[in-house]
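Residue-level listing of the chains:
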Amino acid sequence: MPPLARPCKPRAITLPPRTATVAADADVLVVGGGPSGIGAALGAAEAGADVVLAERYGFLGGNATVALVMPWMSFHTRRPQPPRLGDAGLMPSDHGEGEPIVAGKHLDVIRRLVADGGAVAPSLATGYTVPFDPEVFKTTALDLLDEAGVDYLLHAFASGVVDEPMGSGVVFETKSGPLVIRAKAVIDATGDGDVAAAAGASFEVGRGTDGLVQPMTLMFRMVGFHRPDFAAYVADHPEQWRSVHGLWDLVAAATAAGELELPREDMLFFATPHEGELAVNSTRVNKVLGIDAWDLTLAEAVSRRQMRQIVSFLRRYVPGFADSYAIQSGVGIGVRETRRIIGEYQLTGDDILSARKFDDVIARGTYPVDIHNPEGKGTLLRSVPAGDAYDIPLRCLLPQGVDGVLLAGRCISGTHEAHSSYRVTPTAMATGQAAGACAALAAQTGNSPRSVSPRAVQADLKRQGADLRDVIAA
Ligand SMILES: Cc1cc2nc3c(=O)[nH]c(=O)nc-3n(C[C@H](O)[C@H](O)[C@H](O)COP(=O)(O)OP(=O)(O)OC[C@H]3O[C@@H](n4cnc5c(N)ncnc54)[C@H](O)[C@@H]3O)c2cc1C
């Protein structure tokens, strides 16, 4: 059965009017329970707000659990030294080994996950990434929200907004019919900017030249991997494996034999907290968009066939994998890039690569510009200057022309190039916490988030333990 074809001549029909149940009134509504939504809910609660978080799936974590995106990338500055190989090259070694620059709720979550046995603390041995167990993360996230007093509604898909001015209500499709949650400030942590777009915010999609976005990737976990055999292979074939990716010759051989047909030219995988397990990040579906139902369907169908090929390839060709098998794939394909909502400031690739500083900094990042080729093979990586980090200004969280809504995570305001850096988990959680603090301050005064002074947000974030370099809060 092929995926449903897109209609050649789409016809519109008018739906009957309907009523909805008001499910809650809150100070702050967070839509989306991924890393940025978790950061936002915890940040808003600590700033004193009455918070509700709503999520479309039955669990929290976003890409980290839905799409098995592992590990959390480094949030440390880069050292001016060449990459090293560590742990059979299963941990990234060239992203950041210097000073940590994201703290606050992100560090609280890591500490808790480590205490719950669900993550390995970042260190030289992990390449300063955080390998974690997504199943443990789901429950740890619930515990943290419970302890912070955040109310949450799962299985609730935000489909629209109601009332003017915006910020007063979001409509959710649920098994109980349409529900509306009203709030003084709404944080769009959907990754896709669903709420801001529904409220009328302008947005961009894809790169400037042709609108293409980064590819989607279905990730999966392999168990039964025998690390010593793989390490021996890496030692014997150092030219075939750089930190976390490679096997070029084996991929070429399997491709020539007609056993692999992939847009990627190599294999990419990461260690997890569990010996004998890997997270495989090697499927790639280009020229599809994560806010298009037909594209998403096609991407699932294509990537699951790619996964089948990769599992078979690893078992057959790669030392250490003979007895391995795929134990779990993402509930859904991982979506890297969709809408970038246009805010009061648009962060640029140049801001990232020059480690630019802003007076209204509310979060910081060090992860490189990392663009998986939107058209096919290859990945562009360009680093932030060694020992330095870039600022993300509060203005990137404020959509132009829409009041009452704040942006967090993947959908904040930036260019395609800048997005490829700030999209990673630690930075997403940091922008989430900042959006939470700003939304709570707005709710307390009854004003729009854009009227909250950046100094007040910085002061609250500093009180919450965020790392905003040497900014002196008023
Ligand atoms: C394949 C892939 C590999 C990656 N690799 C890494 C990596 O190794 N390390 C790293 O740190 N980062 C990595 N990233 C980036 C990182 O995973 C994400 O960008 C990060 O999860 C962004 O967090 P977020 O909260 O902004 O969005 P998301 O994680 O996308 O979370 C959004 C949440 O909102 C929910 N939601 C969406 N729409 C609605 C709606 N309308 N109503 C209700 N709920 C909604 C979703 O279900 C989800 O829970 C990768 C991403 C992908 C796709």
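Before any of the text, the structure's been laid out above.
Given the structure is predicted, the values throughout are model-derived calculations rather than measurements.

Conventions used here
- Residues numbered from 1 in each chain as written.
- Predicted model: local features only at pLDDT ≥ 70, side-chain atom pairs only at ≥ 80, totals over all residues.
- Heavy atoms only, no water.
- Near = heavy atom within 4 Å.
- Polar contact = N/O pair within 3.5 Å; in protein donor to acceptor, adjacent residues only side chain to side chain.
- Areas by Shrake-Rupley, 256 points an atom, 1.4 Å probe, with all protein chains shown as cover.
- Helix = DSSP H or I, 4+ residues; strand = E, 2+ residues; numbered from the N terminus.
- Nonpolar A, V, L, I, M, F, W, Y, C, P; charged D, E, K, R; others polar.
- Buried < 20%, exposed > 50% of the residue type's maximum accessible area, 1.4 Å probe, protein only.
- Expected span 1.5 Å × (residues − 1).
- Contact = heavy atoms within 4.5 Å.

Draft legend 1. Inspection of the site of the ligand at higher detail. Near the ligand there are 35 residues, and of these Ser36, Glu55, Pro71, Asp194 and Arg423 occur at the shortest range. Taking Met73, its main chain carries an N or O atom lying 3.0 Å from an oxygen atom of the ligand. In the environment of the ligand, an oxygen atom lies 2.9 Å from a nitrogen or oxygen atom belonging to the side chain of Thr425. Bound to the protein, the ligand loses 98% of the 990 Å² it would expose on its own. For the shell around the ligand, the secondary structure elements donating two or more residues are helix H1 (35-46), strand S4 (157-162) and helix H11 (425-445). Ranked by residue count, the leading element in the shell around the ligand is H11, at three residues. For the shell around the ligand, the class distribution of residues is 16 nonpolar, 13 polar and six charged.

Draft legend 2. Structural detail: unusual backbone geometry. With an omega dihedral of -10°, the bond running from Met70 to Pro71 counts as a cis peptide bond. You will see that His155, though not glycine, has its phi angle at about 55°, which is positive. Of note, His155 is situated in the loop between strand S3 (151-153) and S4. The exposure class assigned to His155 is exposed, which follows from its relative accessible area of 54%.

Draft legend 3. View of H1. Here H1 spans 17 Å end to end across twelve residues, near enough to the 16 Å set by a 1.5 Å rise per residue. Where burial is concerned, most of H1 is hidden: eleven out of the twelve residues are buried. Of all the positions in H1, only Pro35, Ser36, Gly37, Ile38, Gly39, Ala40, Ala41, Leu42, Gly43, Ala44 and Ala45 are classed as buried. Taken together, the buried residues of H1 touch strand S1 (21-31), strand S2 (51-54), helix H3 (104-115), helix H4 (134-148), strand S6 (179-188) and H11.

Everything listed here is a matter of geometry and, on its own, says nothing about what the molecule does.
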